[in-house]
Amino acid sequence: MADENTAPEELNDTEKTVYYDPDAGTADVGEVVGRIEGAFKYALVVERGPRAGLTYVLGDGETIAGRSDDVEIFLGDVTVSRHHARFLVDEGGLSVEDLRSTNGTYVNAERHDKARLRAGDEVIIGKFHLVVAGGHG
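Residues numbered from 1 in each chain as written. Predicted model: local features only at pLDDT ≥ 70, side-chain atom pairs only at ≥ 80, totals over all residues. Heavy atoms only, no water.

A.B. asks: I tried to follow unusual backbone geometry on my own but got confused; where do I start?
C.D. replies: Peptide bonds are trans in most cases, and residues, glycine excluded, mostly fall at negative phi. At Asn108, a position not held by glycine, the phi torsion is positive, near 50°. Note on Asn108: relative accessible area 41%, which makes it partly exposed. Even without being a glycine, Ala109 presents a positive backbone phi close to 75°. Structurally, the position occupied by Ala109 is in the loop between strand S7 (105–107) and strand S8 (110–112). (Buried < 20%, exposed > 50% of the residue type's maximum accessible area, 1.4 Å probe, protein only. Helix = DSSP H or I, 4+ residues; strand = E, 2+ residues; numbered from the N terminus.)

So this is what it looks like as structure tokens:
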């Protein structure tokens, strides 16, 4: 059985990324997450999609999200590219950069190659809707 840090056995590296349109969904955005307790600067909370409710704490430096087994944030779905997006925490705050993914990276419903993020922003990667939360770090 796979845990949250390992890829499921049925998802292998030979599967192609499936095109996905985040605007096609009509689900309502849940309660906006602004701040959660903890000694960290930023976290990503999976608001909708597979793994809803899971929180990823972002440390200083870069964190890669995708469906490859060598990324820090594993998003196991074929709508996600193997190395989909890079999150960067630096002295300027938090930013996200799309890594030339098939379906793109959306911030607050707009596709971006690169964007600065703040608490409450929604980042869509494939079917995953992640909300940026600020900590106390």
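A.B. asks: Mind showing me how you'd approach the pairing of strand S11 (residues 128–134) here?
C.D. replies: Looking down a regular strand, the side chains alternate between one sheet face and the other. Among the seven residues that make up S11, seven are buried, leaving the element largely enclosed by the rest of the structure. Side-chain alternation along S11 places Phe128, Leu130, Val132 and Gly134 on one buried face and His129, Val131 and Ala133 on a second face that is also buried. Of the strand pairs in this sheet, strand S1 (residues 42–48) and S11 are connected by six bridges, and their pairing is antiparallel. Within S11, the residue paired with Val46 across the bridge is Leu130. (Pairing = 2+ DSSP bridges.)

A.B. asks: Is there a simple way to explain the sheet that holds strand S5 (residues 85–90) in this structure?
C.D. replies: Strand order in this open sheet of five strands is S4-S3-S5-S6-S9, and the pairing throughout is mixed. A strand with exactly one partner marks an edge of an open sheet, and here the two such strands are strand S4 (73–74) and strand S9 (114–117). Of the pairings in the sheet, the one linking strand S3 (residues 61–66) to S5 comprises five bridges and is antiparallel in character. The residue bridging Ala65 from the neighbouring strand is Ala85, located in S5.

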